[in-house]
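# Examining the three-dimensional arrangement
Chain residues, written in single-letter form:
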Amino acid sequence: MPETLLEVNHLKKYFPITKGLLNRTVGQVKAVDDISIRLQPGETFGLVGESGSGKSTVGRTILRLTEKTAGEVKFKGVDIHTLPPEELRGLRPKMQLIFQDPYSSLNPRVRVGDAIGEALLDHGLCSRSDVRDLVLETLESCGLSSYHIDRFPHEFSGGQRQRIGIARALILNPELIIADEPVSALDVSIQAQIINLFSKLQQSRGLTYLFISHDLSVVEHLCTTIGVMYLGSMVETASRDELFRHPLHPYTKALLSAVPIPIPKLKRERIVLKGDIPSPANPPSGCKFHTRCPFAEEVCRSQVPVFRDAGGGHFVACHLV
Amino acid sequence: MNNLMRIDGLSTHFFTEDGEVKAVDDVSFRVREGETVCIVGESGCGKSVTAMSIMGLVESPGGKVTSGSIEFQGEDLLQLDKHTLRSMRGHELAMIFQEPMSSLNPVIKIGEQIMEPLRVHLKLNKKEARAKAIELISQVGISRPEQIADSYPHELSGGMLQRIMIAIAISCGPKLLIADEPTTALDVTIQAQILDMLRQFKADSGMSILLITHDLGVVAEMADYVIVMYSGKIVEEGEVVELFSNPKHPYTRGLLKSKPVINQRQEELYSIPGQVPNPLELAPSCYFHDRCEHCMPVCRSKQPVLQDVGNGQKVSCWLYEEALIHA
Amino acid sequence: MAVNSSLAPVRRAGAASGRSSLFRQSVRRLLHNKLAMSGFVVVLFMFALCFVGPLFSPYTDNKINMAMMNKAPGLKHWLGTDALGRDILTRVMQAGRISLTVGLASMVLSVFIGALLGAVAGYYRGVADQIIMRVADLLLTIPGLPLLFIFGALLSEWKIPTDYRMYIVMLMLSIVNWPGMARMVRGQMLSLREREFMQAAVVLGLRDRRKLFNHLLPNIIPLLIVMATLNIGGAILSESVLSFFGLGVMPPTPTWGNMIDAANNMIDFQQRPWLWIPPGLSIFATVIAINIFGDGLRDVLDPKQKR
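Residues numbered from 1 in each chain as written. Chains lettered and ligands numbered in written order. Predicted model: local features only at pLDDT ≥ 70, side-chain atom pairs only at ≥ 80, totals over all residues. Heavy atoms only, no water.

## Examining the UniProt feature "domain: ABC transmembrane type-1" (unreviewed entry) in chain C
Residues given the UniProt feature "domain: ABC transmembrane type-1" (unreviewed entry) here are residues 96-294 of chain C. Helix makes up 83% of residues 96-294 of chain C and strand 0%. Its end C-alpha atoms lie 20 Å apart. (UniProt positions renumbered as here; feature names shortened; annotations may be inferred. Helix = DSSP H or I, 4+ residues; strand = E, 2+ residues; numbered from the N terminus.)

And the structure:
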C-alpha cells in the first residue's frame, strides 16, 4: 500500500461566539467536530454536505488557513499545524486550493500571467527568464490560450477564470489539490468542461483531490471515495459505488433522493426531510440528525451514534443501521 | 386549455457604454391556464430578462422593451398605464426571486410584509389580513406561524425566507406565478421541499407557473412545457417528455448530455466546447454555430427561424430546415 | 441580479484585445466623463493662472501705492486695487500660489501619514492597530476647526515669524486630516484581507512583501488617489477659513482666505466688491472643480465597478 498522502485525525474547529464590548465568549459554533479523513495518492475524496455542514471549513483548516481547535493534519507524515511559519510556507506549493468563486479568488489588479507565475518566483522554483514559458505551458494545459497571459481577470468569463485558478495551483506541481465547490458557480456546459479538466489533469499528473461539493452528481462523477457531512460531523463514508448503490444513513438517502434528475415523469421514492438544518451553534443532542430524520427513535435523541465500519470499509454513524 | 399569457415578438435591449445588448431578441411563447412553463438556459441567455420584462421591471438600468406584446388575460401589459400594472403585480401576476433575503425589507416584520399586498389588493382590514397572513405562513409549511409573523427577515434561514416569499406571492391568488431561479440559492433537501410545495399550490389553485431555471433536473420535475434559450433567442421548445427524450437542437442535446446524472456515471462527461458569444458582437448567424459540432456554412451567415418540427416541438436550427426542404 | 449577469460579458468585452493596462483604461474612461474633465480643466486653469500668471504682471513687487488706493476695476488694474494700492489680480494669483501649495502639500502629508498608519493598523492589527486607531479616534472626536483655531492662536501667541507660518499651517492641516485617511485605508485593508484572493496568496505561500506590495497596495491606491484629490479641496477651504480669521497665513503674504478678510469691513463689503469677490470666486471655483474631478475619479477607479 502506498504512503498515505493526507491524514486527518479527529480534526475539530470551533468558532467562538462573542458578545458585548469585552468580546466575552458565550458559546461555540462547532463547525468541524471530530472529522477523520485518509487520502491515498491518486485518490479523489469527495466531501459532500449542505450549507452549514462545515465541509468548507474542513478544507480550510486542513490547509491551515484557520487554526484548528483540536486534532491533527498530517501531510506525508508531517503535522501541518505544528510547523513553524517558514517551513509551512515551503510546503505550501505541494498542497493547493481551488476556490468556489472565480471572481473574488483572482486579484482584479494582477495580470493573469503574473498571478499564475508569481508563486513560482517567490518560492525560487523557477528563474525569472523561464517563468513565462512555464506559465504559457500551464495555460495551455488548462485550456487557455497564450494570448491570455497579459490580460486582467475582468476580461474573462467565469469558466475561464476558474481555469486560471486551476492553472495558478497547477504550476506549483502540487500533490494534493483541495477543490472547494469549484464548479458550483458555473453554468452547466462550462461545468462539464471544468469537471473534465479535473479528470484529465488527474490522469496526466497523478494528482490527489479532496473535492468539496454539495452536488452529488458531480461528486459521483469525479470521486472514488465519498464522505457525507452533517452539522460538522461525518455521517457516512464509503467508496463511490457502495455509497450510491447502498446508502445506509437516512441523511444520505434523503440527499440522494432530493437531487432532481433530468428525466421527466420519473417515479421514484423520495424522502422529503422536514424543516431546516439546525444551527451549528446549537446542535441537537444525541444524533445531530434526529430532528429531521423520518426514522428517529428514542435512542437517537439521547445518544451520539458511533462512527463505525458497517462492513467492507463502509463507515456510518447511525443507531438504526 | 386557454391561453393565460401570450408573448409575441418580445425584444428587450440594454444600452451600455459599449453598445446595445439584445438581451431578449424576438421571443414568442404562451402560457396556458394551469400549465408550468420552464425557461431554461445559461447565465446571460435572457431568461431572467424575459421574466423582468413581463413584470415591467427592466426600465431602470438602461433597459427597454423595444418591441413586442405581452398579452395577459387579453390585455397587453406593455400598453397598460403604471397604475393598472401596479395593481396587477402581486395580485394576478406574482413573482419570486432567487435571493429571498434581498426581496424582503430587513426592518419590517415578516407578518407585516405578508399583510401588505392583502390590504392593498384584497382590501382586507388589519385584523383579517393578519389572520390570513398567519394562515399563509402555516400553509407554506412553517410551524409556529404567529412567532414567525413577528420576526424579522434576518432571523430566518434562506429556505424559510423563500417560503415566506412564496406565501406573499400566492397570498392574493395569482393567475400566474413567475419564479426566477427560486431554489438556486438553496440546499437540495430544501429545494425538494420548495418544489413539492409549488407543485401542491399549483394543483390546488390551478395557477400557472413560469419557472426560470438553469437546472435541467428541476425542469424535468416541474415542467409541462419547456423553452430553451440561448443568447437571447429561443432555440427549442416543446412538451417536457418529448423535449427530454428527443431533443432536436444541438445545444439542447449538449446541455442534456453534459449534466452528470446520479447512477448514470460515464467515464468522460460530454462537454460543449467554447463559451457563450459576446452579446455585443452578434452577427446574423446561428449564435450557437462556433460551439456546434454540426456547423454548416449557412449557420455562419444566416439566422435560422423557429420552425415546427412535429410532436409539438419547435426548433431553430438549419439542420432541420434542410430536412424540411428535402422532405 | 439578472441584469448584471446578462451584462457581464459586455464588461468583459470592453477591453481591447492585446496587452491592456488598467491605468490606460481608467484614463480612457475618465476622458469620456465630461463633467470630471471640465473640473480637471478648471483646476488646470487655476494652477496655470496662479503659477504662470504673475510672470506677466507688472505689479508683482507689491509696492504700496497710496495714489492708487481702492480703485475700481479698470484698464490699468483689471480687477482694481486694494486699500494699499496693490493690484488685486496679481495678488489673487500670488495668493493662489500659496493656497494651492498649502492644499497640495498638506494633502501629500496627510495622505502619507494616514496611508502609512492605516496600512500598518490594517495589515498587522493587534496592538499597533489599537494604538493607532485610538489616537485617530481621539483626534476625530475633536471638531477640526476649533482645533485649528487653537493651534492658530498659539502660533500668534508664540510669535512665529510669518514666513514660517505657511509651513506650520500645512502641518496643522495634516494633523487634522490624517485620521480620516487612516481609517479609510485601514477599513479597505481589512476588507481586502478577507477577500479570497488574499487567502489564495496564503495558500500559494507568497511572502509578506509580495502580498503587501503586489496584492494589497495596488487595490488601495485607486481609493487613495480619490481621497487625496478630494482632500486638496478640503485643505484649501480650511486654510482659507484660518487665514480669513487671521490665524493662518498672515499678511503681507497673500492667500485667498486673508484677502476675503476685506469683506470684514462693512464699507468694503458693500461698496468695494472687487476686494473680496475675486478671491472668493477663486476658492469657490477651485474647490468645486476639485470635488467634481474627484467624484469623476471615484467613478472611474472605484473597484466595485470592476470585479
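## A closer look at the UniProt feature "domain: ABC transporter" (unreviewed entry) in chain A
In the numbering used here, UniProt assigns the "domain: ABC transporter" (unreviewed entry) feature to residues 6-256 of chain A. Here residues 6-256 of chain A is 35% helix and 28% strand, with 28 Å between the C-alpha atoms at its ends.

## Some details on helix α3 (residues 34-52) of chain C
All names here are of chain C. Its 19 residues give α3 an end-to-end C-alpha distance of 26 Å, which sits within 8% of 27 Å, the value for a rise of 1.5 Å per residue. Among all positions in α3, only Ala36, Met37, Gly39, Val43, Met46 and Cys50 are buried. Looking at the buried residues of α3, the elements they touch are α2 (22-32), α4 (88-124), α10 (256-260) and α12 (277-301). (Expected span 1.5 Å × (residues − 1). Buried < 20%, exposed > 50% of the residue type's maximum accessible area, 1.4 Å probe, protein only. Contact = heavy atoms within 4.5 Å.)

## Quick notes on the interface of chain B and chain A
Contacts between the two partners involve 47 residues from chain B, matched on the other side by 39 residues from chain A. Of all residues in chain B, Thr189, Ile262 and Arg265 of chain B give up the largest surface area on contact with chain A, accounting jointly for 18% of the area buried on that side. At the boundary of chain B and chain A, one finds three salt bridges. For the pair chain B and chain A, the interface holds 18 residue pairs in polar contact (both at pLDDT 80 or more). Sorting the residues of the side of chain B that touches chain A by element identifies α7 (158-170), α8 (188-205), α9 (216-222), α10 (240-245) and α11 (250-258) of chain B as the ones contributing at least two each. Residue contributions to the side of chain B that touches chain A peak at eight residues, all from α8 of chain B. Along the lines of polarity and charge, the residues of the side of chain B that touches chain A split into 19 nonpolar, 15 polar and 13 charged. (Buried area = accessible area lost by both parts, 1.4 Å probe. Salt bridge = Lys/Arg side-chain N within 4 Å of Asp/Glu carboxyl O. Polar contact = N/O pair within 3.5 Å; in protein donor to acceptor, adjacent residues only side chain to side chain. Nonpolar A, V, L, I, M, F, W, Y, C, P; charged D, E, K, R; others polar.)

## What to know about the packing of α3 of chain C against α4 of chain C
Residues and elements named next belong to chain C. Look at α3 against α4: their axes get within 7 Å of each other, and the N-to-C directions meet at 120°. In this view, α3 runs oblique relative to α4, as classed from their interaxial angle. Crossing of α3 over α4 shows left-handed handedness. Two secondary-structure elements touch here, α3 through Met46, Phe47, Leu49, Cys50 and Phe51 and α4 through Met93, Gly96, Arg97, Leu100, Thr101 and Leu104. (Axes fitted to C-alpha atoms, helices over the stretch in contact; angles between N-to-C directions. Parallel < 35°, antiparallel > 145°, perpendicular 65-115°, else oblique. Left-handed = near helix turned anticlockwise from the far one by under 90°.)

## As for the pattern of salt bridges
When the charged atoms of two side chains with opposite charge come close together, those side chains can pair. Per the stated rule, a full pass over the model turns up 34 salt bridges over all chains. For Glu7 of chain A, the salt bridge is made with Arg38 of chain A, and the minimal N-O distance between the two is 3.1 Å. Within this pair, whereas Glu7 of chain A is found in strand β1 (residues 6-19), its partner Arg38 of chain A is found in strand β2 (residues 24-39), the two being separated by 31 residues in sequence. For Arg38 of chain A, a relative accessible area of 45% corresponds to the partly exposed category. Taking the shortest distance from any N to any O, the salt bridge between Asp137 of chain C and Arg134 of chain C comes out at 3.2 Å. Residue Asp137 of chain C and its partner Arg134 of chain C are located together in helix α5 (residues 126-141), separated by three residues, close to a single helical turn. Judged by its relative accessible area of 22%, Asp137 of chain C falls in the partly exposed class. One network of salt bridges, in which partners are shared, links Glu118 and Asp122 of chain A together with Arg207 and Arg210 of chain C.

## A few points about the interface of chain A and chain C
Listed by partner, the interface residues are 35 residues for chain A and 32 residues for chain C. Here chain A meets chain C over a buried area of about 3,200 Å², counting both sides, of which 50% is carbon and sulfur. On the surface where chain A and chain C come into contact, there are four salt bridges. Between Asp122 of chain A and Arg210 of chain C there is a salt bridge, with the nearest N and O atoms lying 3.1 Å from each other. Ranked by the residues each element gives to the side of chain A that touches chain C, the list is headed by helix α3 (residues 112-122) of chain A, at four residues.

## Quick notes on the sheet that holds strand β2 (residues 19-32) of chain B
Residue and element names in this part refer to chain B. Overall, antiparallel pairing links the four strands, which are arranged β2-β1-β4-β5 in an open sheet. Of all strands in the sheet, those with a lone pairing partner are β2 and β5 (75-76), marking the two edges. Bridge count between strand β1 (residues 3-16) and β2: ten bridges; the pairing is antiparallel. Its bridge partner lying in β2, Phe15 is registered against Glu20. Running over the sheet, helix α1 (residues 47-55) touches β1, β2 and β4 (63-72) and is turned about 110° from β1. (Pairing = 2+ DSSP bridges.)

## Considerations on the side chain of Arg240 of chain A
With respect to the element layout, Arg240 of chain A can be found in helix α8 (residues 240-245). Beyond its immediate stretch of four places on either side in the chain, Arg240 of chain A contacts Glu220, His221, Leu222, Cys223, Thr224, Thr225 and Ile226 of chain A together with Arg265 of chain B.

## Observations regarding a nonpolar patch on the surface
Together, Phe51, Val52, Leu55 and Phe56 of chain C give the surface a local cluster of nonpolar side chains, amounting to about 440 Å² of exposed area. Residue classification places Val52 of chain C among the partly exposed residues on the basis of a relative accessible area of 39%. (Patch = residues over 30% accessible without salt bridge, like charges linked within 9 Å, V, L, I, M, F, W, Y side chains within 5 Å. Areas by Shrake-Rupley, 256 points an atom, 1.4 Å probe, with all protein chains shown as cover.)

## Comments concerning the UniProt feature "transmembrane region" (unreviewed entry) in chain C
All names here are of chain C. Here, UniProt's "transmembrane region" (unreviewed entry) annotation points to residues 35-56, 98-123, 135-155, 167-185, 216-237 and 274-297. Between the first and last C-alpha atoms of residues 216-237 the distance is 32 Å; the span itself is 100% helix and 0% strand. Between the C-alpha atoms that bound residues 274-297 the distance is 34 Å, and the span itself is 88% helix and 0% strand.

## Observations regarding the nonpolar core
Residues and elements named next belong to chain A. Residues Ile116, Ile166, Phe198, Phe211, Leu216 and Tyr251 are the most contacted members of the largest nonpolar core, which totals 67 residues. By residue number, the principal contributor to this core is helix α6 (residues 188-205), which donates seven residues. With residues up to four places along the chain from it excluded, the contact list for Phe198 reads Ile166, Ala179, Pro182, Tyr209, Phe211 and Leu222. (Core = buried A, V, L, I, M, F, W, Y, C linked by side-chain atoms within 4.5 Å.)

## So, the sheet that holds β1 of chain A
Residue and element names in this part refer to chain A. Pairing in this open sheet of four strands is antiparallel, and the strands run β2-β1-β4-β5 from one edge to the other. Looking along the sheet, the strands with just one partner apiece sit at the ends: β2 and β5 (78-79). By the bridge criterion, twelve bridges tie β1 to β2 in an arrangement that is antiparallel. Looking across to β2, one finds that Phe15 is bridged to Val29. Relative to β1, helix α1 (residues 55-62) is tilted by about 110°, and along the sheet it contacts β1, β2 and β4 (70-75).

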